[in-house]
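A look at the structure
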Amino acid sequence: MKRILLSLLCMLTFAAPAAAAPLAIFYMTNDPGSVRSFLQHSSQIGLLVPTWYQVDENGLVTGAPNELVLDKARAEKLPVMPIVALMNKLSFHLLATSPVAQTQMNDALIRECKLHGYTGFQFDFENIDWTDRDALSALVRASAEALHHAGFQLTIATVPNAPGYPGSGGFAKWIYTDWRGAYDLAAIGKAVDMVCLMTYDQQTRWTTPGPVAGWQWTLDNLNYALKYVPASKLALGIPVYGYHWYTAAPLLNKETRQYQPEPGADYISAPDALLLAEEFGAKIQWDPQDHSAWYYFYRDQMREWVFFTDLRTFKDRYNLAAQDKLAGFCSWVLGQEDPAIWTFLPAHG
């Protein structure tokens, strides 16, 4: 018996340390439900990324922190890295082609970091023309140099863009030229401290029903990103919301006076998706191919679909981030999540 106990003790002493859990990065809006979720679960969040700031074409940064949130984060020594957002093609082009405007922006970001104790900022620049690809890379590089010189970090949220070129259909062309094509992951990855890959919104209000982030689509985009960005600088996007598709009332064309089809879809939180299923007696199903929760039900004799992130959907993507030894995962957005995920996520160190 002594020999067995000694062997067990040796195994425990010399066992390889457990792999570090992926950094839990959560986005937070100013919505009261989002703030409330942060206050309740801050001990399980590793990096908070609030949507507090915007920038315009002149480099004017506007926004301010939520002091209640900041006080909570300081008390728990939780790093805060706000978003600075811009989602307009023309405004971005003007910013990216003006060194003066970029200096104005970078000076303001550094000022806010010093004033409020942020670890840095995250760029959320979307809806960019693919022809501004090099301009985006140059802007990111210049801003990273400025923030690094001041002792702060720069991260960026990028739209997933595998395979790196448009497909054959009209939607594939549009999603590339207007959303995916502007991100040169190799150039961006060299400049920033982390890339948050927004592996969500594969299906949206613009598309037919389907998972918010199908499994193969997620794998394809993750593997593509890993060709250019090291795992130690990459975070996998995990949506915690869903979409609800339904039959909407036809639209009346005011010129022709003819009705036109109007596909209907809305964003839906996980708690609302669970409540809707209960209300209509829908059976929540599991899609083994896309690793996603979904269901359908009938209302007014018409079928409606819901795809959303429940705990199982979340866990599969979390485990993928851990398996690939990524820096972390980034989830949009606090307040929309299935409450069950908090029974799974560990407390941050």
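Definitions and limits used
Residues numbered from 1 in each chain as written. Predicted model: local features only at pLDDT ≥ 70, side-chain atom pairs only at ≥ 80, totals over all residues. Heavy atoms only, no water. Helix = DSSP H or I, 4+ residues; strand = E, 2+ residues; numbered from the N terminus. Rg over C-alpha atoms; globule rule 2.2 N^0.38 Å. Contact = heavy atoms within 4.5 Å. Areas by Shrake-Rupley, 256 points an atom, 1.4 Å probe, with all protein chains shown as cover. Lys, Arg positive; Asp, Glu negative; His and termini not counted. Charge placed at Lys NZ, Arg CZ, Asp CG, Glu CD. Pairing = 2+ DSSP bridges. Axes fitted to C-alpha atoms, helices over the stretch in contact; angles between N-to-C directions. 1 Å grid on protein atoms, 1.4 Å probe; cavity = no way out; pocket = protein on both sides within 12 Å on 5 of 7 lines; lining within 4 Å. Points joined across faces, edges and corners; volume = space filled by probe spheres on them. Nonpolar A, V, L, I, M, F, W, Y, C, P; charged D, E, K, R; others polar. pLDDT = per-residue confidence, 0-100.

1. A look at the overall build of the chain
When helices and strands are tallied, the chain shows 11 helices and 17 strands. Rg of the C-alpha trace for the chain: 22 Å, near the compact-globule value of 20 Å for 349 residues, within the 12% margin. Principal-axis analysis of the C-alpha atoms gives the chain an extent of 85 × 60 × 40 Å. For the chain, the proportion of contacts with a sequence separation of at least 24, taken over those separated by at least 6, is 72%. Accessible surface computed for the chain: about 17,200 Å², of which carbon and sulfur atoms make up 56%. Placing the 26 positive and 34 negative side-chain charges of the chain at their respective mean positions leaves the two points 8 Å apart.

2. Some details on the sheet that holds strand β15 (residues 292-299)
The strand order β13-β10-β16-β15-β14 describes an open sheet built from five strands, whose pairing is antiparallel. Pairing within the sheet leaves two strands with one partner each, and these edge strands are β13 (263-269) and β14 (285-287). Neighbour-to-neighbour, the strand axes of this sheet turn through a mean angle of 25°, independent of strand direction. Two strands pair when backbone bridges link them, and strand β10 (residues 241-247) and strand β16 (residues 302-308) are joined in this way by four bridges, in the antiparallel orientation. Residue pairing in the sheet places G242 in a bridge with F308 of β16. Helix-sheet contacts for helix α10 (residues 270-280) involve β10, β13, β15 and β16, and the interaxial angle to β13 is about 115°. Its contacts with the sheet put helix α11 (residues 311-323) on β14, β15 and β16, and the angle it makes with β14 is roughly 25°.

3. Thoughts on the layout of surface pockets
By volume, the largest pocket amounts to about 740 Å³. Put simply, the parts of the chain that give the lining of the largest pocket at least two residues each are α7 (170-180) and β10. For the lining of the largest pocket, the element with the most residues is α7, which contributes five residues. In the lining of the largest pocket, the residues fall into 18 nonpolar, four polar and five charged. Space inside the second largest pocket adds up to approximately 180 Å³. The leading source of residues in the lining of the second largest pocket is α7, at four residues. Taken together, the residues that form the lining of the second largest pocket break down as eight nonpolar, four polar and two charged.

4. Some thoughts on the sheet that holds strand β5 (residues 83-86)
Judged by pairing direction, the sheet is mixed, and its 10 strands sit side by side in the order β2-β1-β17-β9-β8-β7-β6-β5-β3-β4 without closing on themselves. Edge positions in the sheet fall to β2 (47-50) and β4 (61-63), since each has one partner strand and no second. Across the sheet, the mean angle from the axis of one strand to that of its neighbour is 25°, orientation sign disregarded. Note that strand β8 (residues 194-197) and strand β9 (residues 234-239) share three bridges and pair parallel. When the bridges of β9 are listed, V195 appears paired with L234. Along the sheet face, helix α9 (residues 215-226) touches β8 and β9 and points at about 165° away from the line of β9.

5. As for the confidence of the model for the chain
When pLDDT is averaged along the chain, the result is 94; 94% of the residues meet or exceed 70. Ranking the helices and strands of the chain by mean pLDDT puts strand β6 (residues 120-125) first, with 99, and helix α1 (residues 2-14) last, with 42. Predicted confidence is poor over residues 1-17, with pLDDT under 50, and the contacts of this stretch with residues over four places away or in other chains come to zero contacts.

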